[in-house]
Amino acid sequence: ENLDNFILGIEDYIKDDGVDIFIFTSHSSFSVNSAIIDAENSIYTMPDYSIFDAAIVYGSGLNSDKALKQIIDNCRKANIPIVLKGDSAEGFSSVMVDNYAGMRELCDHLIEKHNVKDTVFVAGAKENEDSNQRLQALKDSLEAHNLEFDDNNIVWADWETMLVRAHILEHYSTHREKLPDAFICANDPMALYTLLTLQSLGYEMPRDVIVTGYDNLNDAILFYPSVSTVDQRYRDQGYACAEIIMRQIAGDRTIENKIIPSKVRLGESCGCSYCKGEKE
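Cut-off values and rules
- Residues numbered from 1 in each chain as written.
- Predicted model: local features only at pLDDT ≥ 70, side-chain atom pairs only at ≥ 80, totals over all residues.
- Heavy atoms only, no water.
- Pairing = 2+ DSSP bridges.
- Helix = DSSP H or I, 4+ residues; strand = E, 2+ residues; numbered from the N terminus.
- Axes fitted to C-alpha atoms, helices over the stretch in contact; angles between N-to-C directions.
- Expected span 1.5 Å × (residues − 1).
- Buried < 20%, exposed > 50% of the residue type's maximum accessible area, 1.4 Å probe, protein only.
- Contact = heavy atoms within 4.5 Å.
- Core = buried A, V, L, I, M, F, W, Y, C linked by side-chain atoms within 4.5 Å.
- Salt bridge = Lys/Arg side-chain N within 4 Å of Asp/Glu carboxyl O.
- Parallel < 35°, antiparallel > 145°, perpendicular 65-115°, else oblique.
- Left-handed = near helix turned anticlockwise from the far one by under 90°.
- Nonpolar A, V, L, I, M, F, W, Y, C, P; charged D, E, K, R; others polar.

Draft legend 1. Region of the structure containing the sheet that holds strand E9 (residues 257-261). An order of E1-E2-E3-E9 is seen for the four strands of this open sheet, with the pairing classed as parallel. Sheet topology places strand E1 (55-57) and E9 at the edges, where each strand pairs with a single neighbour. The sheet shows a mean angle of 15° between the axes of neighbouring strands, direction not considered. Here three bridges tie E1 to strand E2 (residues 82-85), and the two strands are oriented parallel to one another. Each bridged residue has a counterpart across the sheet, and for Val57 the counterpart in E2 is Leu84.

What follows is the structure, encoded as structure tokens:
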């Protein structure tokens, strides 16, 4: 869904310019071994990069620094301009989302409006910068409110929903008194599996515990309870990438780095409400 919205943003900008978009994607995951990751990412070695006018690299979705470097090297050899989404490299333009601001606002809201003190952070991969920025926002919010965060309360799930489910079943099946005030998840799929698993154990959210996500996916908004989350504005990111790359194709190779602000979207999972169609 995030990738779809990102591509829609690209199309919003170039729809009248007769531009063809070729999409190369894989399904590499942090949780599998390196051989599988290399096999999945071999698709990025197959194109002849010189036949393209430019490349938009969805860096934050690659799950592989090795693949990112390989793509950048191929673009350099082909002498085509690049804009990086969610990543940066010397000499290239980039479009980044401010992961921190939206998550910090969400955490401040949980502490100030819902009296959250004891938190569990359901993280992505240890080496993933997006997940780490969201974790830092939680830590900073707690510190600003004179609260402490225990690093033992980090669940390193590698973005894998079944690892989230397994953790909750192991630790919260029979010990209701061990529930934190909130599970703060690094993305919406992990938040949804947190909710589903807790519901299967007889818990009710937000009465027993608050659960939040990150991404503003349709599934999270349509779920009951709807998930309090953060919108990365993927469509706006795609639009910004297209705007930069079309300028570079036209000959202006000025390096530009844009940051798209994230926005909190409150839902029922923290005791609030939100309509996706509300006016900005």
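This is not the end of the story, as more comes after the structure.
Draft legend 2. Highlighting helix H9 (residues 234-249). For H9, with 16 residues, the first-to-last C-alpha span of 22 Å sits near the 22 Å given by 1.5 Å per residue. Residues of H9 that are buried include every one of Tyr234, Gln237, Gly238, Ala240, Cys241, Ala242, Ile244, Ile245, Met246 and Gln248, and no others. Against helix H1 (2-14), E1, E2, strand E3 (93-98) and E9 lie the buried residues of H9. Note on H9: the residue one or two positions beyond its end, Gly251, has a positive phi of about 115°.

Draft legend 3. Representation of the nonpolar core within the structure. Ranked by size, the top nonpolar core spans 46 residues in total, and within it Phe121, Phe183 and Leu198 carry the most contacts. Elements with a contribution of two residues or more to this core: helix H4 (99-114), strand E4 (119-123), helix H5 (129-144), strand E5 (154-156), helix H6 (161-172), strand E6 (182-185), helix H7 (188-200) and strand E7 (210-212). Those residues in contact with Phe121 that sit more than four places away from it in its chain are Met103, Ser131, Arg134, Leu135, Leu138, Phe149, Asn153, Ile154, Val155, Ile184 and Ala186. Membership of the second largest hydrophobic core comes to 15 residues, among which are Val57, Leu68, Ile80 and Ile82.

Draft legend 4. Structural detail: the pattern of salt bridges. All chains considered together, the criterion is met by 13 salt bridges. When the shortest N-O distance is used, the salt bridge between Glu204 and Arg207 registers 3.4 Å. Asp236 serves as the salt-bridge partner of Arg233, at 2.7 Å between the closest nitrogen and oxygen. Connected via shared salt-bridge partners are Glu243, Arg247, Asp252, Glu256 and Lys258.

Draft legend 5. Focus on unusual backbone geometry. The linkage connecting Met205 with the following residue, Pro206, adopts the cis geometry, with an omega of 5°. For Pro206, the location among the structural elements is in the loop between H7 and E7. For Asn115, which is not glycine, the phi dihedral falls at a positive 60°. Here Asn115 shows up in the loop between H4 and E4. Its relative accessible area of 51% is what places Asn115 among the exposed residues. Positive phi, close to 65°, is recorded for Asn216, a residue that is not glycine. Inspection of the secondary structure assignment puts Asn216 in the loop between E7 and helix H8 (218-222).

Draft legend 6. Spatial organisation of the environment of Asn5. On the secondary structure map, Asn5 appears in helix H1. Note on Asn5: relative accessible area 26%, which makes it partly exposed. In the structure, Asn5 is positioned 187 residues away from Leu192 in sequence and 20 Å away in space, judged by C-alpha atoms. Leave out the neighbours within four places in its chain, and Asn5 touches Tyr234 and Arg235.

Draft legend 7. Looking closely at the sheet that holds E5. Pairing in this open sheet of four strands is parallel, and the strands run E5-E4-E6-E7 from one edge to the other. This sheet does not close on itself; its edge strands, each paired only once, are E5 and E7. Averaged over all neighbouring strand pairs, the angle between strand axes comes to 15°, with direction disregarded. In terms of strand pairing, E4 meets E6 through four bridges, oriented parallel.

Draft legend 8. Spotlight on the packing of H1 against H9. Axis separation between H1 and H9 bottoms out at 6 Å; the angle between their running directions is 45°. Classified by the interaxial angle, the pair formed by H1 and H9 is oblique. Once H1 is placed against H9, the crossing between them reads as right-handed. Contacts from Asn2, Asn5, Phe6, Leu8, Gly9, Ile10, Asp12, Tyr13 and Ile14 in H1 reach Tyr234, Arg235, Gln237, Gly238, Tyr239, Cys241, Ala242, Glu243 and Met246 in H9. A per-class count over the contact of H1 with H9 returns 10 nonpolar, five polar and three charged.

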